[in-house]
Structures are given as structure tokens and as C-alpha cells.
Amino acid sequence: MKREGFKLLRLTRIKVLFIWILIVLGLYGIFGNWINKEIQRLFSKELLKPPKTPETQETIHLIAVSCGRPDHNGVRDLSKPMDQTITMLKSAAMFARSALHMHIFTEEDMMTLFSNEIASWPDRILLKVKYTVYALDYDKYIKKSLAEEWKKWYKPCGSYRLFTPLILKETTSAAIYADSDVVFIKPINELWAYLKEMKSHEVVAISPTAGHPLGGSKDNEYFISHPTGLFQINSGIMVMNFTRMLNTKWFLYRDIKDDHAEPLNYGSELLMKYYNRFKDVAEHDQKLLNIMFHYNPAIIKQLPCSWNFKNNFCRDESNICHDAELKGGAGAVHGIESSFFGTGNPTFRALYETFLRYNFESDWNEKILETFLRQLKATATGTFCETKASIIIEPLRKTLKDAEAFYEGLNIN
């Protein structure tokens, strides 16, 4: 009896198992396509996904313009402008917390040099960096007879930045322009955030060249009127909303002949009208922009001077950048007046040379902060900017700490 009962129980279990198999097969027949798609989706999501990427944010666009320039013997030098531009781009790329697209405008014989240099950067940087190198083409935007003149205007091809909204308008609605003699101390994301702080009528954010309002007349075409007082810009860093720049009507200068001139959209015609009128007094494109914003003061936003920290903010007690001294230090250091070179400003030179020599080694604190501090002690003790070096040191220390944690979170060697 026990043996027969055992057989009956085993047959019952087999029948139950068989019934369950039939049920599963039936359900698979009904839902098989959906199940296959879900398995494929999960497989591709979990096993085929690329390495963990930076924060999910919109891509930041950064513009650089770089050309060879004559040295003291009149020989065209490529190494110095290359070094400066790469150092600026390196500092932006290292600390960026999201995708960064770098747009580099240069001469044809420098294009491959830039491409090869950036392509050699480590994967943890290139994971979030895209770059495009463009050949300069002044002829497309101004008369051929003026092209060479504009290319040599003040510093080689610096004026080409004025055309970048026209060139990149189909690629992005906004971008940051930075001079080659800039080193970013804080993540460029913090600078990009000013796009959202602009009022609806503001098209660009640029820092004032001084840390205080300027004296003078508001009718002086070299000054821009602002509720806080008169100011001039330093265009070494510009946060540009291309859509607004190109769609806004810009007023022309007003004099007896052009008192009733119609406003124009931003473009070659507007630039040429201002250039032809003021070329005798605007020795560089920054001054031309000052004049343009003198007649269009409402459309410019003042960027804090901490994002364009220059040596004149630490050598002159009457010209202090309060945003840097009281609100978290410098965001970007601008080496105007060749302060990254020579012996005149060893603090700025130490910062530049630290980033120039940094080769993406893993020990951020030693290779950047400690190297900078050692060079300060060796070359800059007691000099005017070294006495305020904390404006650079403290934000750099925090940025390096945050950057290390950020890259560790990416799980990339």
C-alpha cells in the first residue's frame, strides 16, 4: 500500500508540474514578444552600457580662439599660444561636472596640433569632453580687403570671437568664450549657470574691468551705464546667449548723420558699422564691444569680477574684487598684461606653470595644489598678489577635493 501511495503521489506531482509547464508556455505564447523585449532592454541597460558618465546636465560649450604670433624677433611662434590655449582648456575640462564641448578656432597648420594634443588626454577626461577644431575664415564674414587687418587687430585673430555666435548658432544656443590666458579655478558649470540668471532682455554676461564704479560722464562712449554706476568690460570671459544676441535689435551709435538709423540684428553689418565709425579710436575688439554696449546697456549683464580675476585686483588696494574676497574666491584667473610670464607677477606665473606642467596624474593635491604652494613660497613670498593668494588657494583646494570625489564616483581609472 505504501509503495502504491508513493507512486500515486509522484504521478500527481508530475501532473501538477506538467500543468504548470503548460501554463508557462501558454503565457509565453501570449506575452513572449514583450518578455523578449524586456530581457533585451535589461541586458543592454545593465551589461552593454558604457562607463558611468557625469551628471545628467546639458552640454556646456566653450570657445577658444588661438593663432600663432610673432615673437620678439618677429618669427611666428606656435608653441606659446598653443600652450596657453591648451592650459585654459585643460583647466576647464578637468573640473567640469558635465559634458563639455570645446570649439577651437585656429589656423590650418595648428589644427592637427590641437587635435592630437586633446586626443592624448586620458579616458576619464575624454569621457565627458567633445572637441571640434575649425579653420579661421574671416572672408566669410567681412570684406576680403579687411580680413588681414582684422586678423592682426590687437592680438592675432582675437577678433574672430565676434563671429562665433554666427558660426555656432546651428550647433548650440549658448556658449562661453574664454581668452587663452585664463585658468579656471572653479567648475565651469558654475559659470554656465549665469545663463539662467540673465533677465529676458540680457544677451551676454561679462565682468567689469574694475572692482568699483568708474568716474566720468555717462555720455562718454567708452563707458557703459549701469544702476551701480559706470563700468567698462573685460571681454576675456563672456557668457553668450546666441539666440538672444542674434534676435535682439541692437541700437547703432547716434550722431548727426545717423540719428534716425534703424536698429540691426547682431551680425557682420552691425559690426562693420561700428568698426567703420570707431576704428580710429577702438584699437582692439574689446574697446569696440565697450562702445557697442554703451549704446546698448540694457542687454548686458554684469558678471562677477571673481570670474575674471586679474592681477590689478591684488596689486591696488583701491581696486578690489569684493566678489572674490568675500564670496568664495576666484572662479577664473585671467593673466592680462602677460602676468603668466616673466618676473612681474610670480603668483600668477606659478598658477599658470602648475597647470601647464600638470599631465593628468592621479594625485591631484600633490601635482596641483602642493606644486603651486611650493612655487609660491620659492618665488612669490611677500609680493603683492601672494599676500592675497588665498583668493586662489582656497577655491582651488575645494575644487580639487570635489573633483577627486567626482572622478571616483565615475569608477574610471
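Residues numbered from 1 in each chain as written. Predicted model: local features only at pLDDT ≥ 70, side-chain atom pairs only at ≥ 80, totals over all residues. Heavy atoms only, no water.

One pass over the structure, following the stated rule, counts two cavities of 30 Å³ or more. As a volume, the largest cavity reaches approximately 70 Å³. Contributing to the lining of the largest cavity are Arg-161, Leu-162, Pro-165, Val-204, Ile-206, Met-238, Met-240, Met-245, Trp-250, Tyr-266, Leu-289 and Phe-293. Of all elements in the fold, only β8 (204-208), β9 (233-241) and α11 (285-294) reach the threshold of two or more residues within the lining of the largest cavity. Of the residues belonging to the lining of the largest cavity, the class tally is eleven nonpolar, no polar and one charged. The computed volume of the second largest cavity comes to approximately 50 Å³. Lining the second largest cavity, in full, are Val-65, Arg-69, Lys-155, Pro-156, Cys-157, Gly-158, Tyr-177, Asp-179 and Ser-180. (1 Å grid on protein atoms, 1.4 Å probe; cavity = no way out; pocket = protein on both sides within 12 Å on 5 of 7 lines; lining within 4 Å. Points joined across faces, edges and corners; volume = space filled by probe spheres on them. Helix = DSSP H or I, 4+ residues; strand = E, 2+ residues; numbered from the N terminus. Nonpolar A, V, L, I, M, F, W, Y, C, P; charged D, E, K, R; others polar.)

Our focus in this paragraph is the sheet that holds strand β1 (residues 60-66). Spatial strand order, β5-β4-β1-β6-β9-β8-β12: seven strands in an open sheet with mixed pairing. Each of the sheet's edge strands pairs with one partner strand only, and the pair in question is β5 (129-135) and β12 (300-302). The sheet shows a mean angle of 25° between the axes of neighbouring strands, taken without regard to direction. Where strand β6 (residues 174-178) meets β9, five bridges bridge the pair, whose relative direction is antiparallel. By the bridge assignment, Ala-174 is partnered in β9 with Asn-241. Relative to β9, α11 is tilted by about 65°, and along the sheet it contacts β8, β9 and β12. (Pairing = 2+ DSSP bridges. Axes fitted to C-alpha atoms, helices over the stretch in contact; angles between N-to-C directions. Contact = heavy atoms within 4.5 Å.)

All of the buried residues in helix α5 (residues 144-151) are Leu-146, Ala-147 and Trp-150. The arc that holds every buried residue of α5, seen down its axis, measures 120°, which confines them to one face. (Buried < 20%, exposed > 50% of the residue type's maximum accessible area, 1.4 Å probe, protein only. Arc of directions from axis to C-beta.)

Time to look at the side chain of Asn-311. Inspection of the secondary structure assignment puts Asn-311 in the loop between β12 and α12 (312-315). By relative accessible area, Asn-311 is classed as buried at 3%. Not counting residues up to four positions away in its chain, the partners in contact with Asn-311 are His-334, Ile-336, Glu-337, Ser-339, Asn-345, Phe-348, Phe-384 and Cys-385.

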